[in-house]
Amino acid sequence: GYDRTGLCCTACSTKSRWVTMWGIHAIPGSTHCIITEGETDAIAAMDAILHSGMPEKEFPAIVSINGVKSFNPERAEYFRGKHVLLAFDADEAGEEGKAKATSLLAGIAASVHALILPNGKKDVREANISHQNYLIGEILSFTAIGKEVI
């Protein structure tokens, strides 16, 4: 469903519980997906993209998984055939989540990449505030993966 702002917050069912992935609606129409831990990081990634000058038709899907511990095989399937950029927090949980997600996406995603945050920045939101040009460059480099150069 959609919340009052019109942003998609569709829930997907698992055998034991309901889980949400904010932005899930954008995955089918995209070849590239950015996965963040939380919604504020997803919004910050979108802000960077909006400032990049990238044409809207080339925007990657930006999905928040609401914490790295929630990423599971069912969620990994949504990214089948996609180029994925993991934009997790620069902390112990983020590093563990990156390893888990990379393992789960192996053989499912077309490619898996990890965003390296600027030194001292804990998440995408912080990086966007003080290092937006760096973040834009990383996202533009990621979205060029898999495109033919003539």
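Heads up: the structure comes first, above all this text.
Keep in mind that this is a model prediction, so the values were computed, not measured.

Conventions we followed
Residues numbered from 1 in each chain as written. Predicted model: local features only at pLDDT ≥ 70, side-chain atom pairs only at ≥ 80, totals over all residues. Heavy atoms only, no water. Pairing = 2+ DSSP bridges. Helix = DSSP H or I, 4+ residues; strand = E, 2+ residues; numbered from the N terminus. Axes fitted to C-alpha atoms, helices over the stretch in contact; angles between N-to-C directions. Buried < 20%, exposed > 50% of the residue type's maximum accessible area, 1.4 Å probe, protein only. Contact = heavy atoms within 4.5 Å. Phe/Tyr/Trp six-rings, centres within 6.5 Å; stacked < 30°, edge-to-face > 60°. Core = buried A, V, L, I, M, F, W, Y, C linked by side-chain atoms within 4.5 Å. Salt bridge = Lys/Arg side-chain N within 4 Å of Asp/Glu carboxyl O. Right-handed = clockwise from strand over helix to strand, strands pointing away.

1. Here we look at the sheet that holds strand β4 (residues 61-64)
In space, the four strands of this open sheet follow the order β4-β3-β5-β6, with parallel pairing throughout. The outermost strands of the open sheet, each flanked by one partner alone, are β4 and β6 (111-114). Averaged over all neighbouring strand pairs, the angle between strand axes comes to 20°, with direction disregarded. Sheet topology places strand β5 (residues 83-87) next to β6; four bridges connect them, and they run parallel. Pairing of leucine 85 across the sheet is with histidine 113, part of β6.

2. Some points on the environment of methionine 54
Of note, methionine 54 is situated in the loop between α1 (39-52) and β4. You can call methionine 54 buried: its relative accessible area is 9%. Residues methionine 54 and threonine 143 lie 89 residues apart in sequence; the distance between their C-alpha atoms is 9.8 Å. Setting aside its immediate chain neighbours within four residues, methionine 54 contacts Ile49, Phe59, Pro60, Ile139, Leu140 and Thr143.

3. Let's talk about the packing of aromatic side chains
Following the criterion strictly, the structure yields one aromatic pair and no others. Judged by centre distance (6.3 Å) and plane angle (40°), the ring pair of phenylalanine 71 and phenylalanine 79 falls under tilted. Judged by relative accessible area, which is 1%, phenylalanine 71 ranks as buried.

4. Quick notes on the nonpolar core
Core analysis: the largest hydrophobic core is formed by 20 residues, its most contacted members being Ile34, Ile49, Ile62, Leu115, Val124, Leu135 and Ile139. Residue assignment for this core shows that the elements contributing at least two residues are α1, β5, α4 (124-130) and α5 (132-143). In terms of residue count, α1 provides more of this core than any other element does, five residues in total. Contact partners of leucine 115, with chain neighbours within four places excluded, come to Leu85, Leu86, Ala87, Val124, Leu135 and Glu138. If you look at the next biggest cluster of nonpolar residues, it comprises 19 residues, including Ile65, Phe79, Leu86 and Ala109.

5. Brief notes about the pattern of salt bridges
Evaluation of the coordinates by the stated rule reveals two salt bridges. In this structure, the salt-bridge partner of glutamate 95 is lysine 98, at a minimum N-O distance of 3.1 Å. In this pair, glutamate 95 and lysine 98 both sit in helix α3 (residues 92-105), three residues apart, roughly one turn of the helix.

6. Notes on the pairing of strand β3 (residues 32-36)
Most of β3 sits inside the fold, with five of its five residues counted as buried. Neither face of β3 is open: one carries His32, Ile34 and Thr36, the other Cys33 and Ile35, and all of them are buried. As defined by bridge partners, β3 adjoins β5 across five bridges and the pair is classed as parallel. Opposite threonine 36, over in β5, you have alanine 87 as the bridge partner. Across four bridges, β3 lies against β4 in parallel orientation. Its bridge partner lying in β4, threonine 36 is registered against serine 64. One crossover worth recording links β3 to the parallel β4 by way of α1, and it is right-handed.

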